[in-house]
Amino acid sequence: MWKNDFWGTSLTNSGSHGSYRPLCVLSFRLNYWACGHHPWGYHLVNLLLHCLATALVYRTARVFASPAPGPTALLFAVHPIHTEAVAGIVGRADVLSTIFYLLSFLTYSRHVRHELIVEWVYLWASLGLAACAMLCKETGITVLALSALYDVLLHRQSLSLRLVSSIYFISFTNNSFESYLNAIKSKLQVRCTNLIKTVIC
């Protein structure tokens, strides 16, 4: 699980898809342990996760002071663009990543509203949730950029402190995910090398 890509191929294999999503794979294993190969269990979990994601969208809309958080969440819940992610079992990667993505952002939004010790607790929690989002789907790492933008653009009254905090947040994250990014870089190098060999031959 930790050495293979999302489709079960070893990450060191030249034919690997390169998608590293161990937390999503872990959820499938737990699903299999609970209900075997019966598809209803997998669909039920996807549906419940989508409901949780919808609740988090509602909470996020309130953070942005949306005048209509209810309709916003309702639109998210029933929008047809989410059909594949919810109805398709492998779409769980998107749903799980969304949940951790929003949890990370909501936790960071609390970080910028608190001070002293509590502030750093929220920061570390947000970082951990961002890592979980990334380990469900690679695009989850973009929550770091969203958090930094929210920090700077919407909390200008303490810009200097917020900038220091954001820089620390990003730099620490870069160190934390260095091995992951190096793995992706190595994978790209292998693919480029194979492509060059194919063209030359």
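Relevant structure appears above.
Fair warning: this is a prediction, and the values are worked out from it, not measured in the lab. For every chain, the first residue of the written sequence is number 1, and numbering continues from 1 along that sequence. Only residues with pLDDT of at least 70 are given local features in this predicted model, and only at 80 or more are side-chain atom pairs given and counted; all residues enter the totals for whole chains, interfaces and linings. Water and hydrogen atoms play no part in the side-chain values, which are based on all heavy atoms of the structure.

Caption draft 1: Inspection of the overall build of the chain at higher detail. Within the chain, the regular secondary structure consists of nine helices and zero strands. Secondary structure elements follow DSSP: runs of H or I no shorter than four residues count as helices, runs of E no shorter than two count as strands, and numbering proceeds from the N terminus. Tracing the chain from N to C terminus, the helices and strands come up as α-α-α-α-α-α-α-α-α. Each residue's exposure class comes from its accessible area (1.4 Å probe, protein chains only) as a fraction of the maximum for that residue type: buried when under 20%, exposed when over 50%, partly exposed otherwise. Sorting the 201 residues of the chain into buried and exposed places 38% on the buried side. When checking whether two residues touch, look at their non-hydrogen atoms; a contact exists if any pair is within 4.5 Å. Partitioning the intrachain contacts of the chain with sequence separation of at least 6 by distance along the chain shows that 63% fall at a separation of at least 24. All accessibility values rest on the Shrake-Rupley procedure with a 1.4 Å probe; residue burial counts only the protein chains present in the view. Of the roughly 11,800 Å² that the chain leaves accessible, carbon and sulfur atoms contribute 70%.

Caption draft 2: Spotlight on the pattern of salt bridges. Note on definitions: salt bridges are taken to be side-chain nitrogens of Lys or Arg within 4 Å of carboxyl oxygens of Asp or Glu. All chains considered together, the criterion is met by two salt bridges. The closest approach of N and O atoms between Arg21 and Glu138, which form a salt bridge, is 3.2 Å. Placement of the pair is Arg21 in the segment before α1 (22–35) and Glu138 in the loop between α6 (116–136) and α7 (143–154), with a sequence separation of 117 residues. For Glu138, a relative accessible area of 22% corresponds to the partly exposed category.

Caption draft 3: The arrangement of the packing of aromatic side chains in detail. Two aromatic rings, drawn from Phe, Tyr or Trp (for Trp, its six-membered ring), form a pair once their centres lie within 6.5 Å of each other, and the interplanar angle then sorts them: stacked below 30 degrees, edge-to-face above 60, tilted otherwise. Throughout the structure, instances matching the rule amount to one aromatic pair. Between Phe105 and Tyr150, the ring centres sit 5.0 Å apart and the planes meet at 75°, which makes this aromatic pair edge-to-face. Of this pair, Phe105 sits in helix α5 (residues 92–111) while Tyr150 sits in helix α7, and the two are 45 residues apart along the sequence. Note on accessibility: Phe105 and Tyr150 belong to one class, buried.

Caption draft 4: Structural detail: the environment of Phe76. Structurally, Phe76 is set in helix α3 (residues 69–78). Each C-alpha atom of the pair Phe76 and Thr54 lies 6.5 Å from the other, and the pair is 22 residues apart in sequence. Beyond its immediate stretch of four places on either side in the chain, Phe76 contacts His50, Ala53, Thr54, Val57, His82 and Thr98.

Caption draft 5: Molecular detail of the packing of helix α2 (residues 39–63) against α3. Here an angle of 0 to 180 degrees is reported between the N-to-C directions of two axes, which are lines fitted to C-alpha atoms, with helices fitted over the stretch in contact. Running from N to C, α2 and α3 cross one another at 150°; their axes reach a closest spacing of 8 Å. Between α2 and α3, the crossing angle belongs to the class labelled roughly antiparallel. The interaxial crossing formed by α2 with α3 has right-handed handedness. Residues His50, Ala53, Thr54, Val57, Tyr58, Ala61 and Arg62 of α2 form the contact with α3, whose own contacting residues are Pro69, Gly70, Thr72, Ala73, Phe76 and Ala77. Each angle is binned into one of four classes, with values under 35 degrees roughly parallel, values over 145 roughly antiparallel, values of 65 to 115 roughly perpendicular, and all other values oblique. The handedness criterion is simple: a crossing whose near helix is rotated anticlockwise from the far helix by less than a right angle is left-handed, and one whose near helix is rotated clockwise is right-handed.

Caption draft 6: Just the side chain of Ser109, in detail. The topology assignment puts Ser109 in helix α5. Among the polar contacts listed, one links the side chain of Ser109 to the backbone oxygen of Leu106, at a separation of 2.5 Å. Excluding anything up to four places from it in sequence, Ser109 contacts Val63 and Tyr150. Whenever two N or O atoms come within 3.5 Å, that pair is a polar contact, provided that in protein one can donate a hydrogen and the other can accept it, and provided that, for residues adjacent in sequence, both atoms are side-chain atoms.

Caption draft 7: Structural detail: a nonpolar patch on the surface. Put simply, a patch holds well-exposed residues, over 30% relative accessible area, that have no salt bridge, with like charges counted together within 9 Å and Val, Leu, Ile, Met, Phe, Trp or Tyr side chains within 5 Å. A surface patch of nonpolar side chains, about 400 Å² in accessible area, is lined by Phe64, Leu149, Leu153 and Leu154. When you line up the elements, Leu154 lands in helix α7. In this structure Leu154 comes out as partly exposed when scored by relative accessible area, which is 48%.

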